[in-house]
Amino acid sequence: METEHVDVLIVGAGLSGIGAGVHLQANCPDKTYAILEGREASGGTWDLFRYPGIRSDSDMFTLGYSFRPWREAKAIADGPSILQYVRETARDHGVDRHIRFNHRVVRAEWRSSDARWTVEVDRGDTGETVQLTCGFLFTCSGYYRYDEGYTPDFPGIERFAGRIVHPQHWPEDLDYAGRRVVVVGSGATAVTLVPAMAEQAEHVTMLQRSPSYVLALPGKDPIADVLRRLLPARVAYPIVRWKNVAITTAFFQLSRRLPKVAKALIRKGVEKQLPPGYDIDTHFTPRYDPWDQRVCLVPDGDLFAAISRGSASVATDRIDTFTETGLRLVSGAELEADVIVTATGLNMLALGGMQLVVDGREVVLPETLGYKGMMLSDVPNFAVALGYTNASWTLKCDLTCEYVCRLLNHMDRHGFRQVTPRNHEPSLPTEPFIDLKAGYVQRSIDQFPRQGLKAPWRLHQKYARDTAALRFGTLDDGALEFSAGAAPAIEPVEPLAA
């Protein structure tokens, strides 16, 4: 049996993978492609996470695709609405017909003699291992493990007589109505869970070792609502998109350059939301500067409203041990609980855990440099979709998809079959690929590629700058090595029906 071959193989059918399929169809209509998805359904994060209140932590005018206006009323949208948006996009553009479910990529080997990747895939539905080949490999598998979340080794956890759950694997049968709930954590997941669970629980306590920055924003964008009434969606959408990009960028730059001013603004917003005399210093004043870690958004201040009503509270302390009835804290205080939710973070995983081999040599990711935040040094015909850490994920992924299409068309026009980023400065200083100080990043960042201190090896985290460079900048920048490559060893085989 001949090995199936496609021009482009996309790994992952989440937000970025579906977007990649649409961009490829629009800009490289002659390219054959397939999307391999390890799970049984599309949607990625928005299908996996099903905990109460699940929502975006970015506005949908920037988290949405550039080519498909977000038409719902909520700017900060709930998870099911986002999942529907992603799946409707796939269906309306016919991308869903290219998805192979239960196909988990475990290994990809590049051979320069063939100028192609041979990709090894484990099929979860049949248990067999299959192979495909492709001319270009595009990974859109995110940055964290889907099969497990991060839970610290809590002392005495086995003693607790109630239910312990992790948000990444929310059980459908969990009944917390009228019960006491403790949510361990202070990040985006925790501040989402607390007000959502407080609607039914007897009481919800958010237990945090240290505070995070929490910012209340309107659930709806009033400017967007006005523009959408006055203008066609295709006109209003990019205006709102750039407006929100400008606001986010300005706040990020303010946080970096004048952190004391940013802290004061955030604190003032928190004071307006909470009752007089509330201990903001203890519970909502982090030890780090804004945007050293992501800022948590709460639409319409729902977390603060739950605290003000008394249906939720915050405890800032460390866990001494789990007990039969809850948690004993280092301070000696005890929190009684029927349900404990460990909103303690993710386990990061580069490239979905796949192994890369180039001409017989295994690629060691920490030894590579990220080229423009989307390709890897000395790895041919390969790209990865990774979003921004200081803005919406999709902003960067859209640009990455556009750039990959430009690259593929450039190679076709000039007869090239191979493109490889090359670092011609071996002594170039490097630093971690992601500069956030969040625990989930620090635990695993040494397993990821590095970045240099100057372009094109620098990840700038600036959408306007990236738009100019990736959408309009030159492709032949001296760092990309193009080659006509050798003749293919076998004739391509037409893709099988999806």
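Structure's up top.
Bear in mind that the values here come from a model prediction, so they are computed numbers and not experimental data.

1. Points about the pairing of strand 16 (residues 339-342)
1) Next: Burial along strand 16 is two-sided: the residues Val 339 and Val 341 and Ile 340 and Thr 342 are all buried.
2) Next: Where strand 7 (residues 163-165) meets strand 16, 3 bridges bridge the pair, whose relative direction is parallel. By the bridge assignment for strand 16, Ile 164 is matched with Ile 340.
3) Next: Bridge analysis of strand 8 (residues 180-184) against strand 16 gives 4 bridges, and the strand direction is parallel. Along strand 16, the bridge assignment pairs Val 183 with Val 341.

2. Brief notes about the packing of helix 6 (residues 222-230) against helix 7 (residues 233-257)
1) Next: One way to put it is that helix 6 packs onto helix 7 with a least axis distance of 9 Å and a crossing angle of 160°. Relative to helix 7, helix 6 is oriented roughly antiparallel. Read as a crossing pair, helix 6 and helix 7 show a hand that is right-handed. Contacts between helix 6 and helix 7 involve Ile 223, Ala 224, Leu 227 and Arg 228 from the former and Ala 236, Ile 239, Val 240 and Lys 243 from the latter.
2) Next: Residues that form the contact of helix 6 with helix 7 fall into these classes: 6 nonpolar, no polar and 2 charged.

3. Some remarks on the sheet that holds strand 8
1) Next: Spatially, the 5 strands line up as an open sheet ordered 7-16-8-9-12, and their pairing is parallel. The sheet is open, and its two borders are formed by strand 7 and strand 12 (312-316), each paired with just one other strand. Here the strands of the sheet are splayed against their neighbours by 20° on average, with no regard to which way each runs.
2) Next: With 5 bridges connecting them, strand 9 (residues 203-208) and strand 12 associate as parallel partners. Looking at strand 12, one finds that Thr 205 is bridged to Ser 313.
3) Next: Helix 5 (residues 188-198) rests against strand 8, strand 9, strand 12 and strand 16 of the sheet, and its axis sits at about 165° to strand 9.

4. Considerations on a nonpolar patch on the surface
1) Next: On the surface, Leu 258, Val 261 and Leu 265 cluster together into a nonpolar patch covering about 260 Å² of accessible area.
2) Next: With respect to the helices and strands, the residue Leu 265 is situated in helix 8 (residues 259-273).

5. Brief notes about unusual backbone geometry
1) Next: For the bond from Ala 455 to Pro 456, the omega torsion is 0°, close enough to zero to count as cis.
2) Next: Following the sequence through the fold, Pro 456 ends up in the loop between strand 24 (450-452) and helix 13 (463-472).
3) Next: In this model, Ala 115 sits at a positive phi of 55°, which is unusual for a non-glycine residue.
4) Next: On the basis of relative accessible area, Ala 115 is assigned to the buried category, the value being 5%.
5) Next: Its identity is not glycine, yet Asp 300 carries a phi of approximately 55°, on the positive side.
6) Next: The exposed category is assigned to Asp 300, whose relative accessible area is 58%.

Conventions used here
Residues numbered from 1 in each chain as written. Predicted model: local features only at pLDDT ≥ 70, side-chain atom pairs only at ≥ 80, totals over all residues. Heavy atoms only, no water. Buried < 20%, exposed > 50% of the residue type's maximum accessible area, 1.4 Å probe, protein only. Helix = DSSP H or I, 4+ residues; strand = E, 2+ residues; numbered from the N terminus. Pairing = 2+ DSSP bridges. Axes fitted to C-alpha atoms, helices over the stretch in contact; angles between N-to-C directions. Parallel < 35°, antiparallel > 145°, perpendicular 65-115°, else oblique. Left-handed = near helix turned anticlockwise from the far one by under 90°. Contact = heavy atoms within 4.5 Å. Nonpolar A, V, L, I, M, F, W, Y, C, P; charged D, E, K, R; others polar. Patch = residues over 30% accessible without salt bridge, like charges linked within 9 Å, V, L, I, M, F, W, Y side chains within 5 Å. Areas by Shrake-Rupley, 256 points an atom, 1.4 Å probe, with all protein chains shown as cover. Salt bridge = Lys/Arg side-chain N within 4 Å of Asp/Glu carboxyl O.

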